[in-house]
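Structure assessment
For reference, the chains in residue letters:
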Amino acid sequence: MAKIIVVTSGKGGVGKTTTSSAICTGLALRGHKTAVIDFDIGLRNLDLIMNCERRVVYDFVNVINEEATLKQALIKDKRCENLFILPASQTRDKDALTKEGVERVLNELKDMGFEYIICDSPAGIEHGAFMALYFADEAIVVANPEVSSVRDSDRILGILQSKSRKAEQGERVIEHLLITRYDPHRVARGEMLGVADVEEILATKLLGVIPECQSVLKASNQGVPVIHDTESKAGKAYADAVARLLGEQVEHRFLNPEHKSFFQRLFRRTA
Amino acid sequence: MNLLELKSADLESIQQELAEKVAQSPAFFQRSPLVFGFEQLAEPEQNQLDLAELCSICRNLTLLPTAIRGGNARLQGEAIRLQLAVLPKGRSKNSETSEATAPTAEPEQTPVATSPTRIITTPIRSGQQIYARGGDLIVMAAVSAGAEVLADGNIHIYGALRGRALAGVQGDENARIFCTSQEAELVAIAGQFMVDEVLRTNHWKESVQIYLAGGRIQISPLPKQN
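Summarised in this report is the structure supplied together with it. (Residues numbered from 1 in each chain as written. Chains lettered and ligands numbered in written order. Predicted model: local features only at pLDDT ≥ 70, side-chain atom pairs only at ≥ 80, totals over all residues. Heavy atoms only, no water.)

**So, the sheet that holds strand β7 (residues 174-182) of chain A**
Strand pairing within a sheet occurs via backbone hydrogen bonds; the two strands may be parallel or antiparallel. Residue and element names in this part refer to chain A. The eight strands lie next to each other as β3-β4-β2-β5-β1-β6-β7-β8, forming an open sheet whose pairing is mixed. A strand with exactly one partner marks an edge of an open sheet, and here the two such strands are β3 (75-76) and β8 (206-211). Pairing geometry for strand β2 (residues 34-38) and strand β5 (residues 116-120), over five bridges, is parallel. Among the inter-strand pairings, A35 is bridged to a residue of β5, identified as I117. Helix α5 (residues 99-111) contacts β1 (3-8), β2, β4 (83-86) and β5 of the sheet and is inclined by roughly 150 degrees relative to β5. (Pairing = 2+ DSSP bridges. Helix = DSSP H or I, 4+ residues; strand = E, 2+ residues; numbered from the N terminus. Contact = heavy atoms within 4.5 Å. Axes fitted to C-alpha atoms, helices over the stretch in contact; angles between N-to-C directions.)

**Quick look at helix α7 (residues 147-163) of chain A**
Between its first and last C-alpha, α7(A) extends 24 Å over 17 residues, near the 24 Å set by a 1.5 Å rise per residue. Summarising the contacts, the buried residues of α7(A) are in contact with β1, α6 (127-134), β6 (138-143), α8 (165-168), β7 and α10 (195-202) of chain A. (Expected span 1.5 Å × (residues − 1).)

**Points about the packing of helix α1 (residues 16-29) of chain A against helix α12 (residues 233-245) of chain A**
When two helices pack together, their arrangement is captured by the angle between the axes and the distance separating the axes. All names here are of chain A. With their axes 9 Å apart at the nearest point, α1 and α12 run at an angle of 65 degrees to one another. For α1 against α12, the interelement crossing comes out right-handed. From α1, T18, T19, A22, I23, G26 and L27 reach across to α12, where they touch Y238, A241, V242 and L245. Of the residues that constitute the contact of α1 with α12, the class distribution is seven nonpolar, three polar and no charged. (Left-handed = near helix turned anticlockwise from the far one by under 90°. Nonpolar A, V, L, I, M, F, W, Y, C, P; charged D, E, K, R; others polar.)

**Overview of the interface of chain A and chain B**
Contact with chain A, which involves 13 residues of that partner, is made by eleven residues of chain B. Around 920 Å² of area is buried between chain A and chain B when both sides are counted, 42% of it from carbon and sulfur atoms. Area buried by chain A at its contact with chain B is led by R151(A), D154(A) and R155(A), which between them contribute 46% of it. Counting the contacts that link chain A with chain B gives four salt bridges. Residue E185(B) is joined to R151(A) by a salt bridge in which the shortest nitrogen-to-oxygen separation is 3.6 Å. Here chain A is connected to chain B by eight residue pairs in polar contact (both at pLDDT 80 or more). Breaking the side of chain A that touches chain B down by element, the ones donating at least two residues are α7 and α10 of chain A. (Buried area = accessible area lost by both parts, 1.4 Å probe. Salt bridge = Lys/Arg side-chain N within 4 Å of Asp/Glu carboxyl O. Polar contact = N/O pair within 3.5 Å; in protein donor to acceptor, adjacent residues only side chain to side chain.)

Set out below in structure tokens:
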């Protein structure tokens, strides 16, 4: 049975697309047949981060409007065997998405044997975001450790549990909290909300904490999902999050400031 | 608004049936407005009916007669004298198939069958609004900033109250708010309210009860347990 997972946040710029690309790649690398759908119609980004922008011929809206088949529109990832991308349309707007159309595409993906379908939600709580979350079985809510982002995540969690199809059927969408751009040094200085604070405010199970890391920007610009950068902290943290999503028990890392060793300090001073 | 469809002018049996109905869910009928329907009452009985007496029976049962629907010229004149509104005849519903010939109180909204208390077990998120009409509200999780909880009665929150809580919204000055951690944006009881700035200096993040005393909101800590 395919699992539909929406990556959402309410607020923009917190790392939804970065997370979608990392999570879908991570799942595919673990051998699961995975599709990722860009719901951000009109502000197409996922294809850039997945480095397939030059291979987009047909898109999600074409498939919904039956101008192309799903097989024609799906782009096979160059780095992983099991990963397919369904890009958004850049020339249309979010109203092009219909509930029936989205449902048909999702059902078709299920029939094709996909195990995981990742829906990369646009920011906001309007039609596009609603379409992305409506059919979800699970949700990864991305938040930055900062009050306005946490407030928006709280709002989107409320919408998930009241407006989604699961909610209409009297069930609950499984919630996962992913905190991105976490800087333990700033938390220690009291400039940033700590993991415990965010977890307490949102009362949601923590899937992972992605530390602020230069590798993320580099990965986005190069079009390589950061999870491929197995040396970077963010890459390791995303790999841990994927493992937890698959039900494994993995301890959280990068939550506390690293103490530089005597030699590192010495080196820094003399350099 | 409840509709009392009369089928007989026998005030004694009306009183008895109504009293039973009210006893089933007292909170639902508490000061709830009532409309008398005369469409199913025969003409001779309409002439007999003592409307003033009927009103006082209802008032004794905490109902508030506010209008009549249908009725002949005599009843309509009587209603105006008693300062009740006269509504035009409704579409005739032949839903009354029950064998009861005596009047039945027919609430237009289904009343909460057992208890008017509303229990919420999941967090109340920013942007959500929960209203416990006609009773208490119990929340077994946190109320987030930007969320709003309202009740005609008391509000109990077993978690942090970070949003707004309004108890006694229909004017019950005895309503209270209880919460495990007071971090509210606003609290109100029977229309009297207190905002964030004052709340921050008043047992912030403590277990408290909030109530009205002398028309002002009071916040006092709950007794500590060992």
